[in-house]
Amino acid sequence: MEKENHISVDNKHLNEFINMSLDTLTESDLTRLLEKTASNLKQILDCEYVAIGILDRGKYISFIQSGFTKEIVSKIGSIPQGRGILGEIINKDSVMIVEDIKSHESYTGFPKYHPDMNNLIAKGLFNGNEKLGRVYVANKEIGFSEEDEKILELAGKLISRSIMHVRMNNTIKENEVELQISSLKRDLHDSALQNLIAVNMQLELIKSNSSNAGVAEIMDSTIAASKKVIEDLYDLLNKQENLPIGYENLSFELEDIIYRATTISNIDFEFEYLLDFDVSSSMANTLLTIVQESVSNIVKHSKSTTAKIKVFKEDDYLNILITDNGVGFNEDSIKKGFGLKNIKIRAIEHGGDVQINSHDEKTVIHVTLLIN
């Protein structure tokens, strides 16, 4: 898995990026989401035009603009296909800056009625090796700077995750209809809970990119509040009727938690799920809570580069094995907010136990839950 370096953002743009992150987590319609993102990006970069193109098998299926009038869009007609200079960036995950578009060697002109473009900053959108699309920003009066390059680098990653987030939510909804799962499972899949988990992780990302102590303090309290709501929702689900949760759906839930952690960290997470049977909703929610807490701890505290979550059955117990190659910790010196105490309580409530082996180069946490 390709690693991502943290990108610092000037504090004056922090609110706009928070708004972009929240839009990502709360908007289910991709077109509306990208319209908001393009508008925010136009404001942040103080430019005349922003366009975001979404690709499918190499061709645009959607093209969102900000700064173009409806009349101009209507006159331009069909969706552009990114030929010439506009197509160059599709194979690049880095930002491309063009100070004078018309003098560029790949300039091939623009469609009739297209607004005049002077300078350009652009980036390809990727999910791993998958080409999701492109984002173009044009016509900044004073020209684009290195700071603008950093902003577009972060915005490009955020847009890519936005696309994947909407796709994931749509897949969940389609699977729910197809499988006709219980109302409890629909609640578990509900965007409120999933989005709260994502908000928590996005706030962690924003906090790590800010050097402002006041902002960090506000972020800490906000993160703690969102985490408490997540725990309360899981507790509420635990009190519902003890309906079975399909193991395939549970695996998907866990993958979603780990995916979100991967997107905000430099950690290569490996996930192995070996259950082939359904578990009770109470057991499922405990498993989700423990994995969420463990993954969050690894991201925030471990300083690791690799981690693995393995879920399997052994004898009468459901086992959760969590390993990372980080700095380790002394259990007696762990701060209250670390969350290990919560994991232990959950395990004991399900007739299980937690065993910890941590040292300078590796941490192994083994949680067992008694299967009723």
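Residues numbered from 1 in each chain as written. Predicted model: local features only at pLDDT ≥ 70, side-chain atom pairs only at ≥ 80, totals over all residues. Heavy atoms only, no water.

### Details of the nonpolar core
Stage number 1. In this structure, Leu318, Ile320 and Val367 are the most contacted members of the largest nonpolar core, which totals 31 residues.
Stage number 2. Listing elements by their share of this core, those giving two or more residues are α9 (247-263), β7 (268-273), α10 (281-302), β9 (306-314), β10 (317-324), α11 (340-349) and β12 (363-370).
Stage number 3. The greatest single-element share of this core, amounting to 8 residues, is contributed by α10.
Stage number 4. Excluding residues that lie within four positions of it along the chain, leucine 318 makes contacts with Leu275, Val279, Met283, Leu287, Val311, Phe312, Val367, Thr368, Leu369 and Ile371.
Stage number 5. Counting 23 residues, the second-largest nonpolar core is a separate cluster that includes Ala38, Leu45, Ile54 and Ile163. (Core = buried A, V, L, I, M, F, W, Y, C linked by side-chain atoms within 4.5 Å. Buried < 20%, exposed > 50% of the residue type's maximum accessible area, 1.4 Å probe, protein only. Helix = DSSP H or I, 4+ residues; strand = E, 2+ residues; numbered from the N terminus. Contact = heavy atoms within 4.5 Å.)

### Notes on the environment of arginine 167
Stage number 1. In this fold, arginine 167 is placed in helix α5 (residues 146-179).
Stage number 2. For the pair formed by arginine 167 and aspartate 29, sequence separation is 138 residues and the distance between their alpha carbons is 9.8 Å.
Stage number 3. In this structure arginine 167 touches Glu130 and Leu132, once residues within four positions along its chain are discounted.

### A word on the sheet that holds β9
Stage number 1. One open sheet holds the 5 strands; their spatial order is β7-β9-β10-β12-β11, and the pairing between them is mixed. The open sheet has two free edges, formed respectively by β7 and β11 (353-358), since each of these has just one partner strand. Pairs of neighbouring strands in the sheet enclose a mean axial angle of 10°, with direction left out of account.
Stage number 2. Direction of pairing for β9 relative to β10: antiparallel, over a ladder of 8 bridges. If you follow lysine 308 over to β10, its bridge partner there is threonine 323.
Stage number 3. Together, β7 and β9 form the strand contacts of α9, whose direction differs from that of β7 by roughly 175°. (Pairing = 2+ DSSP bridges. Axes fitted to C-alpha atoms, helices over the stretch in contact; angles between N-to-C directions.)

### Description of the environment of phenylalanine 63
Stage number 1. Its place among the elements puts phenylalanine 63 in strand β2 (residues 59-66).
Stage number 2. With a relative accessible area of 17%, phenylalanine 63 lands in the buried category.
Stage number 3. Between the C-alpha atom of phenylalanine 63 and that of glycine 53, which follows or precedes it by 10 residues, the distance is 4.3 Å.

### Let's talk about the packing of aromatic side chains
Stage number 1. The tally for this structure, following the rule as stated, stands at 3 aromatic pairs.
Stage number 2. On the numbers, 4.8 Å between centres and 45° between planes, the contact of tyrosine 49 with phenylalanine 68 is tilted. On the criterion of sequence distance, the pair formed by tyrosine 49 in strand β1 (residues 49-56) and phenylalanine 68 in the loop between β2 and α3 (70-76) is long-range, its members being 19 residues apart. In this pair, the class of tyrosine 49 matches that of phenylalanine 68, namely buried.
Stage number 3. Taking 6.1 Å as the distance between ring centres and 40° as the angle between the ring planes, the aromatic pair formed by phenylalanine 271 and tyrosine 273 counts as tilted.
Stage number 4. The ring centre of phenylalanine 312 lies 5.0 Å from the NZ or CZ of lysine 310, which sits over that ring. (Phe/Tyr/Trp six-rings, centres within 6.5 Å; stacked < 30°, edge-to-face > 60°. Lys NZ or Arg CZ within 6 Å of the ring centre and 35° of its normal.)

### Some details on the sheet that holds strand β3 (residues 95-98)
Stage number 1. Pairing in this open sheet of 5 strands is antiparallel, and the strands run β2-β1-β5-β4-β3 from one edge to the other. Of all strands in the sheet, those bounded by a partner on one side alone are β2 and β3. The sheet shows a mean angle of 15° between the axes of neighbouring strands, taken without regard to direction.
Stage number 2. Bridging between strand β4 (residues 120-127) and strand β5 (residues 130-138) involves 8 bridges; their strand directions are antiparallel. Counterpart to glycine 124 in the pairing with β5 is arginine 134.

### Regarding the packing of α9 against α10
Stage number 1. Taken N-terminus to C-terminus, the directions of α9 and α10 make an angle of 15°; their axes are 10 Å apart at the nearest point. The angle between α9 and α10 places the two elements in the roughly parallel class. Where α9 crosses over α10, the handedness of that crossing is right-handed. Within the contact between the two elements, α9 uses Leu250, Glu253, Leu254, Ile257, Ile258 and Ala261 and α10 uses Ala284, Leu287, Leu288, Val291, Gln292, Val295 and Val299.
Stage number 2. Within the contact of α9 with α10, the residues separate by chemical class into 11 nonpolar, 1 polar and 1 charged. (Parallel < 35°, antiparallel > 145°, perpendicular 65-115°, else oblique. Left-handed = near helix turned anticlockwise from the far one by under 90°. Nonpolar A, V, L, I, M, F, W, Y, C, P; charged D, E, K, R; others polar.)

### Regarding helix α2 (residues 30-45)
Stage number 1. Between its first and last C-alpha atoms α2 spans 22 Å; for 16 residues at 1.5 Å apiece the expected length is 22 Å, and the two agree.
Stage number 2. Residues of α2 that are buried include every one of Leu33, Leu34, Thr37, Ala38, Asn40, Leu41, Ile44 and Leu45, and no others.
Stage number 3. Count one or two residues on from α2 and you reach aspartate 46, which has phi positive near 50°. (Expected span 1.5 Å × (residues − 1).)

### Concerning unusual backbone geometry
As a rule of thumb, non-glycine residues mostly have phi less than zero, and peptide bonds are mostly trans rather than cis.
Stage number 1. Its identity as a non-glycine residue notwithstanding, asparagine 139 has a phi of 65°, on the positive side.
Stage number 2. As for its position among the elements, asparagine 139 is in the loop between β5 and α5.

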